[in-house]
Amino acid sequence: MKHGKPFVVVVLAALLAAAPLFLNAYQVDVLNSIGLYGLLALGLNLILGEAGLFNMGHAAFYAVGAYTAAILNTRYQIPILWTLPLSGLAAGLFALAVARPVVHLRGDYLLIVTIGVGEIVRIALVNDIFGMTGGANGIFGISRPQLFGIVIRRPQEFFYLIWGCVALTIVLFLRLKQSRFGRALNYLREDEVAAEGSGINTAYYKLAAFGLGAAWAGMAGTLFAAKMTIISPESFNFWESVVLFMIVILGGAGNIVGVLLAAFLVIGLPELFREFASARMLVFGLVMVVMMVFRPQGLLPARGGRFSPITLARGRG
């Protein structure tokens, strides 16, 4: 079975790569949305799944990245893809500035703080901070990305850009997970007191997890801005953070494949049943209740880990 896994992965990757050839533009656009949420959720998974830090303000870092890219592109004519590292850096530095005073908090206390940060960022954007964010109307006229001289416009073209970034993220995060840094995050997640007693600088690793996860959200924000060519504060509301938190929990905190599977389910299934869109909150609520009762560790929990955000919410077990 173990030897068959690479073959299964290759087949699934080939099918996904060929998807634009036999799907219509709308269906490909749904896959693009799944890819963007997958990128965001992988960044949150580093914070919540790998380090065990409760963060329900991930949309704030997403917004910082998107607005950084939009401002640099519309005001200073910097090509949108060139802003990827700058957006990641801006979001990462913002996360470090926010997390530094509260990094000692645990569980639901940290969760509440991150909710507040998300709302502060959204309200600041609505109020046109520094006269650069466009207020409630947002920023218009973001240019299309160019790659190797080709202007990316169609959903099929965005598909390869977005999912190429997802593939690169998977490779990098798998390497990170197997590194000393990744193991330190897992020790921190499983037992912070024991990790600190073993000589691990818990404050450093918490900040590093926040900064790196937020940087990935910032770069995903750049792709979102390039795809939409217009952004507004309502694209980064509290519901976005809830959806991302849900994806990580449902997929299995700390499991990259599980997170991507959950992104397909949470983002893709509502599009298949659009006539029931008004009942989405009800369905999500029922799914969460079922998961809390029958599988609190998620669909594909991390191997060897006993961390579960849902279990912690009921009392550490």
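Residues numbered from 1 in each chain as written. Predicted model: local features only at pLDDT ≥ 70, side-chain atom pairs only at ≥ 80, totals over all residues. Heavy atoms only, no water.

Engineer: Looking at this structure, how should I read the overall build of the protein?
Structural biologist: Regarding its fold elements, the protein presents 13 helices and two strands. A burial count over the protein gives 49% of its 317 residues as buried. (Helix = DSSP H or I, 4+ residues; strand = E, 2+ residues; numbered from the N terminus. Buried < 20%, exposed > 50% of the residue type's maximum accessible area, 1.4 Å probe, protein only.)

Engineer: It is not clear to me how the pattern of salt bridges should be interpreted in this structure. Could you clarify?
Structural biologist: Close approach of charged atoms allows side chains of opposite charge to pair. Throughout the structure, instances matching the rule amount to seven salt bridges. Salt bridges here are not isolated pairs; linked through shared partners, they connect Glu119, Arg122 and Glu234. (Salt bridge = Lys/Arg side-chain N within 4 Å of Asp/Glu carboxyl O.)

Engineer: Please explain helix 7 (residues 180-190) as it appears in this structure.
Structural biologist: Within an α-helix, residues lying three or four positions from one another point in the same direction, as the helix has 3.6 residues per turn. Of all eleven residues in helix 7, eight are buried, a share of seventy percent or more. For helix 7, the complete set of buried residues consists of Phe181, Gly182, Ala184, Leu185, Asn186, Leu188, Arg189 and Glu190.

Engineer: Whenever I open this one, unusual backbone geometry confuses me. Can you help?
Structural biologist: It is generally the case that most residues other than glycine have a negative phi and that most peptide bonds are trans. Positioned with a positive phi, Gln77 is a non-glycine residue whose angle comes to about 55 degrees. By the element assignment, Gln77 lies in the loop between helix 3 (58-76) and helix 4 (84-99). For Gln77, a relative accessible area of 58% corresponds to the exposed category. Even without glycine at this site, Phe148 takes up a positive phi of about 55 degrees.

Engineer: I'm lost on the packing of aromatic side chains in this one. Help?
Structural biologist: Here the distance between the centres and the angle between the planes together describe a pair of aromatic rings. Scanning all chains against the criterion turns up twelve aromatic pairs. Arranged with centres 6.2 Å apart and planes meeting at 75 degrees, the rings of Phe54 and Phe245 form a pair that is edge-to-face. Remark: Phe245 occurs in helix 10 (residues 238-251) and Phe54 occurs in the loop between helix 2 (25-50) and helix 3; sequence separation between them is 191 residues. In this structure, Phe54 and Phe245 share a single accessibility class: buried. For the pair Phe159 and Tyr160, a centre-to-centre distance of 5.1 Å together with 90 degrees between the ring planes defines the contact as edge-to-face. Taking relative accessible area as the criterion, Phe159 reaches 1% and is therefore assigned buried. By relative accessible area, Tyr160 is classed as partly exposed at 43%. One aromatic cluster is present, formed by Tyr62, Tyr67, Phe224 and Phe236 through successive ring pairs. (Phe/Tyr/Trp six-rings, centres within 6.5 Å; stacked < 30°, edge-to-face > 60°.)

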